[in-house]
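Descriptive structure summary
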There are 2 protein chains.
Amino acid sequence: MTGKYQELVVHLQEITNLNRAGALLGWDQRTQMPPGGAAARGRQLATLARLSHEMFTDEKTLHLLDDAAKEIEGLSYDSDQASLLRVVRQDYEDLFKLPAAFVAEMAEVTTLAHPVWAQARAENNFAVFQPTLERIVELVKQSAEYLGYTDHPYDALLGQFERGMKAAEVKAIFDAHKPALVDLIARIRAVSSRVSDAVLHQPFDIDRQRQFAVEVVRGFGYDFNRGRLDETVHPFATGFSRDDVRITTRSLPEFLNPALFGTMHEAGHAMYEQGVAAELDGTPLGGGTSLAVHESQSRMWENIVGRSKPFWAWALPQLKAIFPQLGGVDLDTFYKAINIVKPSYIRVEADEATYNLHIMLRFELEMELAAGKVKVADLPQEWNDRFEASFGIRPPTDAVGVLQDIHWSGGMIGYFPTYALGNLLSAQYYNQAIREVPSIPDDIASGRFVTLLGWLNDRIHRHGRKFTADELTRRITGEGIQSRDYIAYLETKFTEVYGL
Amino acid sequence: MTGKYQELVVHLQEITNLNRAGALLGWDQRTQMPPGGAAARGRQLATLARLSHEMFTDEKTLHLLDDAAKEIEGLSYDSDQASLLRVVRQDYEDLFKLPAAFVAEMAEVTTLAHPVWAQARAENNFAVFQPTLERIVELVKQSAEYLGYTDHPYDALLGQFERGMKAAEVKAIFDAHKPALVDLIARIRAVSSRVSDAVLHQPFDIDRQRQFAVEVVRGFGYDFNRGRLDETVHPFATGFSRDDVRITTRSLPEFLNPALFGTMHEAGHAMYEQGVAAELDGTPLGGGTSLAVHESQSRMWENIVGRSKPFWAWALPQLKAIFPQLGGVDLDTFYKAINIVKPSYIRVEADEATYNLHIMLRFELEMELAAGKVKVADLPQEWNDRFEASFGIRPPTDAVGVLQDIHWSGGMIGYFPTYALGNLLSAQYYNQAIREVPSIPDDIASGRFVTLLGWLNDRIHRHGRKFTADELTRRITGEGIQSRDYIAYLETKFTEVYGL
């Protein structure tokens, strides 16, 4: 490319290098770092973040964006160059919306909030957290004003995590499938005794769990030459280039699911990052485009593939070879066990049928908090009432109710919907994939995952951040995000599993 | 402290944070990184190095140094503040001596030189490397002119690695003990059959080797809450703060020494860094003062402690508990085995008696190269002749002769002497320690290492880079570096081991 555009790319690559170095420091912190290293690590991360912020918000960035725009005038919307300028200009503008003093105040308040929330949860005492959460909600409402919106303050909050998405769209999508979920769960509850997951709860050697999980995700196409697997407390995936994307897992000695499905989940995230086009790597476009699209990839491999019957037709004999204690378990029993539906108070333990209901509850409360329609003081009561209405059970404590998740203590209001949108997109994309490549389910049943991964690479991964979630979804499926495919998927699966 | 000094410290801390982040990227590269990650890692390291260099060479540094100097006028030479200004000003001036274009040329030539050297060594063909080495030697001589010297160009080269040390001093120290070493080795060679190390060459489970090495260095006082141990190909120690200093090791399945003594060696380096005063951490003074002093610590724990009889009186029963195959080996046999003297062509495999001779040979050749007294083309012949004169054996190939080490291909001429100086200092410091704390040998024999480590912490570690090697040595021992103690140590040990 020409002079100024190239200069812009070099400038942005330097910033990306700093951000990726910071990501490595973060990975190390969560997987390798000895306890003593924490304080210095915090200072090192702060320096990297400060320099990256300084370099990006420097006037030089704006001038290069302006000059480069003139140079590449006439290139198509889809071109790498036009996409880079479009996305980076938005990044740049977003960064200036929040005043530095406000960002600093938010950082201070949320840093102090974390131990307060942890204490409140440990002591099951919402009152401990209430004043802090009130302050956070005030700041979050303030941030919505800074960020700007036309319809609802929640648009501004959501937009931080899912660019271009509006609260009204999310609400319409959620409203469209909430009754179906509530109904499905009620029907399942009536026949809950038909499925047991006892077979998954027994001693499983940790090293062998890991060995099997590695075989599975290597089979999926996660490239260990460009990644690795480590143990951690709260698993995550992170990358430092498309050629070094790492996953983490947590293994329990007497429960198969966390290491097995958790590793599939993180590998789904990681294969997205490994699949970004080499030309975009090291630039601001080199990475997944949004949290919802990212979650669609992790959930597709974890659930649509990893909890499917075709997959286990292929995988169960291998699992039995590693764990002979499962020798007598037939495919049907195993398939039902891994798809058991057990309404839980805890979101992170939720099955596929109930997961989105957890998110809807939180989304509704967040909308009303942002609009000032519900008070922080009323959250425990509101939480429990609404939870009971959706799930048919009432949380016995706030610790497993409104206090369960860390996000609000970090000021992350607007984040949760992306989890549910990811579930919806996973089914929507997968259905499109099998429409275009009908052999995919049979391929999965014979351990050939390359047809699905190849399709995802081509339609989603390689584009990096070039397109928003909405743009990408319309390009791929011809329509925006919808819940139809997901509900149909759940109906089919649970009709089979529970004989509804 | 006052305004400008504090501002300087903050500025330098930011630079240190960048350097330490780079160190973590380097550690990861050598211990964890998947193969695919190499290219992006190189770019990330380059960005961190460039920013650190830019921030340090910025005029701001000089102005702050000047302003801070006025503020702290009158503080003693030993104060942290005066020391910081003194050391950092020297760092700053050193960085400006080499023109940027020269540094870039040197980097390019040495980057290209590495595979050429590797090929020459693999093919045992010095002619392949000769033109490249000639170019490097020319550049190195040029760098000496840029760096400046009064007596000998080698002073400038050595000074890069051992600040303030002069070639004439090194030569005098080496000349003073070379005859004693040559004589000692000849006497040992005459009775070489008296010692066998066969007991060390047998199958040893890698995990158990590691377990024992961990127990030993934890016993020494290496703090695993502020460090960790990983496997790598070429072991090293590195730190990201005094509270996160990591060591690495290489384990061989049929030879006990590399993992055992190598881990002690790296732990010696690491305990130095872990012992730097907290007040200096995160500043340019937070780290070991010179390569020679660093090596004195690694060699003291590896050899003076780790290859001593008192130590094994305590440790051998524990080693036997882990490796029952050693049950029949008595202390005397084991002690002799780990102290066997076997003149080797290869420096990195050298025993204590021959190690410094390897360095002297290289030092003499480097001096003459720098002064233009020996030609690159003549190096193989010169090497072999001199090696034979010192060791009594002649290298059969250049691959195990003049081509064995990587340093020259990287332009590192002036580095080798620090290894030998470290050996000398290890004995000099240890003798001072037992003069002041006579219980140390008995403490070691009962597994109490805290008396020695405490003394090292107080006299050496806590000072970080405040004093040069020479200043530190004179403060501690009342004289400059000398070979008397090291030769006496070797004479005593090998008289016992070989019954001389």
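Bear in mind that the values here come from a model prediction, so they are computed numbers and not experimental data. (Residues numbered from 1 in each chain as written. Chains lettered and ligands numbered in written order. Predicted model: local features only at pLDDT ≥ 70, side-chain atom pairs only at ≥ 80, totals over all residues. Heavy atoms only, no water.)

**A word on the overall build of chain A**
As a reminder of what qualifies: Secondary structure elements follow DSSP: runs of H or I of four or more residues count as helices, runs of E of two or more count as strands, with numbering from the N terminus. Each radius of gyration reported is based on C-alpha atoms, and the globular scaling rule is 2.2 Å times the count of residues to the power 0.38. Think of it in three bands: residues with accessible area under 20% of the maximum for their type are buried, residues over 50% are exposed, and the middle band is partly exposed, with areas taken using a 1.4 Å probe on protein chains only.
The secondary structure content of chain A amounts to 20 helices and 3 strands. A compact globule built from 500 residues would reach a C-alpha radius of gyration of about 23 Å, and chain A, at 23 Å, matches this within 12%. By its C-alpha atoms, chain A is 65 × 50 × 50 Å across when sized along the principal axes. A total of 500 residues make up chain A; the buried ones form 56% of that total.

**Details of helix α18 (residues 450–459) of chain A**
Formally: A contact between two residues is defined here by any heavy atoms of the two lying within 4.5 Å.
Of all the positions in α18(A), only A:Thr451, A:Leu452, A:Leu453, A:Trp455 and A:Leu456 are classed as buried. Structurally, α18(A) contributes buried residues whose contacts are with α9 (206–220), α10 (257–274), α11 (291–305), α16 (417–436), α17 (440–445) and α19 (469–477) of chain A.

**Points about the environment of B:Leu84**
All names here are of chain B. With respect to the helices, strands and loops of the structure, Leu-84 is situated in helix α4 (residues 80–97). Look at Leu-84 and you get buried, because its relative accessible area is 3%. Along the backbone, Leu-84 and Pro-179 are 95 residues apart, and their C-alpha atoms lie at a distance of 41 Å. Ignoring anything within four residues of it in the chain, the contact list for Leu-84 reads Tyr-5, Leu-8, Val-9, Leu-12, Thr-283, Pro-284 and Leu-285.

**Examining the sheet that holds strand β2 (residues 237–241) of chain B**
Rule in force here: One bridge is not enough; two strands pair if DSSP finds at least two bridges between them. Axis definition: a line fitted to C-alpha atoms, limited for helices to the stretch in contact. Angles are taken between N-to-C directions and run from 0 to 180 degrees.
If you walk across this open sheet you meet the 3 strands as β1-β3-β2 (chain B), and the pairing is mixed. On the outer flanks of this sheet lie β1 (229–231) and β2 of chain B, each paired with one strand and no other. Taking the axes of each pair of neighbouring strands and ignoring which way they run, one obtains an average angle of 25° across the sheet. In this structure, β1(B) lies alongside strand β3 (residues 244–249) of chain B, joined through 3 bridges in parallel fashion. Counterpart to B:Leu229 in the pairing with β3(B) is B:Ile247. The sheet contacts of helix α2 (residues 38–57) of chain A involve β2 and β3 of chain B, and relative to β2(B) the element is tilted by about 75°. Contacts from helix α10 (residues 257–274) of chain B reach β1, β2 and β3 of chain B, with the element oriented near 165° to β3(B).

**Topic: the interface of chain B and chain A**
Here is the rule: Buried area is understood as the total, over both parts, of accessible area removed when two parts are fitted together, assessed with a 1.4 Å probe. Salt bridges, as used here, are contacts in which a Lys or Arg side-chain nitrogen is within 4 Å of a carboxyl oxygen on Asp or Glu.
Counting residues at the interface gives 36 residues for chain B and 36 residues for chain A. Across the interface of chain B and chain A, roughly 2,700 Å² is buried in total on both sides, 53% from carbon and sulfur atoms. Ranking the residues of chain B by area buried against chain A places B:Asn17, B:Pro34 and B:Gln44 at the top, with a combined share of 18%. At the junction of chain B and chain A, the tally comes to 7 salt bridges. Across the pair A:Asp28 and B:Arg246 runs a salt bridge whose closest N-O atoms are separated by 2.7 Å. For the side of chain B that touches chain A, the secondary-structure elements that each account for two or more residues are α1 (3–31), α2 (38–57), β2 and β3 of chain B.

**Topic: the packing of helix α12 (residues 309–322) of chain A against helix α13 (residues 331–338) of chain A**
All names here are of chain A. Heads up, the rule is: Throughout, the term roughly parallel applies to angles under 35 degrees, roughly antiparallel to angles over 145, roughly perpendicular to angles from 65 to 115, and oblique to all others. Crossing chirality is assigned from the near helix's rotation relative to the far helix, an anticlockwise turn below a right angle marking it left-handed and a clockwise turn marking it right-handed. Note that Gly is not counted as nonpolar here; it falls among the polar residues with everything else outside the nonpolar set of Ala, Val, Leu, Ile, Met, Phe, Trp, Tyr, Cys and Pro and the charged set of Asp, Glu, Lys and Arg.
Two elements in contact, α12 and α13, have axes separated by 10 Å at closest approach and are oriented at 110°. With respect to each other, α12 and α13 are oriented roughly perpendicular. For the pair α12 and α13, the crossing hand works out as right-handed. On α13, the residues that touch Lys-309, Trp-312, Ala-313, Leu-316 and Leu-319 of α12 are Leu-331, Asp-332, Phe-334, Tyr-335 and Ile-338. Grouping the constituent residues of the contact of α12 with α13 by class yields 8 nonpolar, no polar and 2 charged.

**So, the sheet that holds strand β3 (residues 244–249) of chain A**
Residues and elements named next belong to chain A. Here we have 3 strands laid out as an open sheet, ordered β1-β3-β2, and mixed in their pairing. Of all the strands in the sheet, the pair left with one neighbour each is β1 (229–231) and β2 (237–241). Neighbour to neighbour, the strand axes of the sheet diverge by 25° on average, direction disregarded. In terms of strand pairing, β2 meets β3 through 4 bridges, oriented antiparallel. Within the sheet, the bridge partner assigned to Gly-239 lies in β3 and is Val-245. Seen against the sheet, helix α1 (residues 3–31) touches β1, β2 and β3 and runs at an angle of roughly 145° to β2. With respect to the sheet, α10 is in contact with β1, β2 and β3, its orientation differing from that of β3 by roughly 165°.

**Digging into the relation of the copies chain B and chain A**
To keep it simple, the criterion reads: Copy-to-copy superposition: least squares on the C-alpha atoms, limited to residues that have pLDDT of at least 70 in both copies.
Of the transformation superimposing chain B on chain A, the axial component is 0.1 Å and the angular component is 179°, with the fit at an RMSD of 0.1 Å. Such a combination of turn and shift is consistent with a two-fold rotation axis. A shared interface surface links the copies, since 100% of the contact residues of chain B are contact residues in chain A too.

**Considering the packing of aromatic side chains**
So the rule is basically this: Think of it this way: a Phe, Tyr or Trp ring, Trp meaning its six-membered ring, pairs with another when their centres are within 6.5 Å, and the plane angle makes it stacked under 30 degrees, edge-to-face over 60, tilted otherwise. Criterion for a charge above a ring: Arg CZ or Lys NZ at most 6 Å from the ring centre, at most 35 degrees from the ring normal.
All chains considered together, the criterion is met by 49 aromatic pairs over all chains. An angle of 75° between the planes, with centres 5.0 Å apart, marks the rings of A:Phe220 and A:Phe449 as edge-to-face. Residue A:Phe220 is found in helix α9, and its partner A:Phe449 is found in the loop between α17 and α18; the two are separated by 229 residues along the sequence. Here the two residues A:Phe220 and A:Phe449 agree in accessibility, since each one is buried. Where A:Trp314 meets A:Phe449, the ring centres are 5.3 Å apart and the plane angle is 75°; that geometry is what we call edge-to-face. Of the two residues, A:Trp314 sits in helix α12 while A:Phe449 sits in the loop between α17 and α18, which places them 135 residues apart along the sequence. Note on A:Trp314: relative accessible area 23%, which makes it partly exposed. Take A:Phe449: its relative accessible area is 1%, and that puts it in the buried class. Through successive ring pairs, a cluster of aromatic residues spans B:Phe212, B:Phe220, B:Phe261, B:Trp301, B:Phe311, B:Trp312, B:Trp314, B:Phe334 and B:Phe449. If you follow A:Arg86 out to its NZ or CZ, it ends over the ring of A:Tyr77, 3.6 Å from the centre.

**Things to note about the environment of A:Thr57**
Residues and elements named next belong to chain A. Rules: The term polar contact refers here to a pair of N or O atoms within 3.5 Å; inside protein, the definition further demands a hydrogen-donor-capable atom paired with an acceptor-capable atom, and it admits residues adjacent in sequence only when both atoms are side-chain atoms.
Structurally, Thr-57 can be placed in helix α2. In this structure the C-alpha to C-alpha distance between Thr-57 and Arg-246, which are 189 residues apart in sequence, comes to 29 Å. For Thr-57, the residues in contact, after removing those within four places along its chain, are Tyr-92, Leu-95 and Phe-96. Separated by 2.7 Å, the side chain of Thr-57 and the backbone oxygen of His-53 make a polar contact.

**Re the side chain of A:Asp155**
Residue and element names in this part refer to chain A. Cut-off, in case you're wondering: The charge count treats Lys and Arg as positive and Asp and Glu as negative. His and the chain ends do not count.
In this fold, Asp-155 is placed in helix α7 (residues 153–161). Notably, Asp-155 is buried but unbridged: the nearest opposite-charge side chain belongs to Lys-166, and the N-O separation is 4.5 Å. What Asp-155 contacts, discounting residues up to four positions off in sequence, is Tyr-149, Met-165, Lys-166, Ala-167 and Ala-168.

**A closer look at the pattern of salt bridges**
Residue and element names in this part refer to chain A. On inspection of all chains with the given rule, the structure shows 93 salt bridges over all chains. One salt bridge connects Arg-462 with Asp-458, and the closest N-O pair in it is separated by 3.1 Å. For Asp-458, a relative accessible area of 33% puts it in the partly exposed group. Within the structure, one salt-bridge network assembled from shared partners comprises Asp-91, Asp-94, Lys-97, Arg-163 and Arg-465.

**Digging into the packing of helix α9 (residues 206–220) of chain B against helix α12 (residues 309–322) of chain B**
Residue and element names in this part refer to chain B. Two elements in contact, α9 and α12, have axes separated by 10 Å at closest approach and are oriented at 150°. Judged on the interaxial angle alone, α12 and α9 are roughly antiparallel. Crossing angle aside, the handedness with which α9 passes α12 is right-handed. Within the contact between the two elements, α9 uses Arg-208, Gln-211, Phe-212, Glu-215, Val-216 and Phe-220 and α12 uses Phe-311, Trp-312, Ala-315, Gln-318, Leu-319 and Ile-322. Here the residues of the contact of α9 with α12 are counted per class, giving 8 nonpolar, 2 polar and 2 charged.

**Regarding unusual backbone geometry**
All names here are of chain A. Positioned with a positive phi, Asn-124 is a non-glycine residue whose angle comes to about 50°. With respect to the secondary-structure elements, Asn-124 resides in the loop between α5 (100–123) and α6 (126–147). Residue class for Asn-124 comes out partly exposed when judged on its relative accessible area of 34%.

**Examining the pairing of β2(A)**
Here β2(A) lies mainly inside the structure; 4 of its 5 residues are buried. In this antiparallel pair of consecutive strands, β2(A) and β3(A), the connection spans 2 residues.

Everything listed here is a matter of geometry and, on its own, says nothing about what the molecule does.
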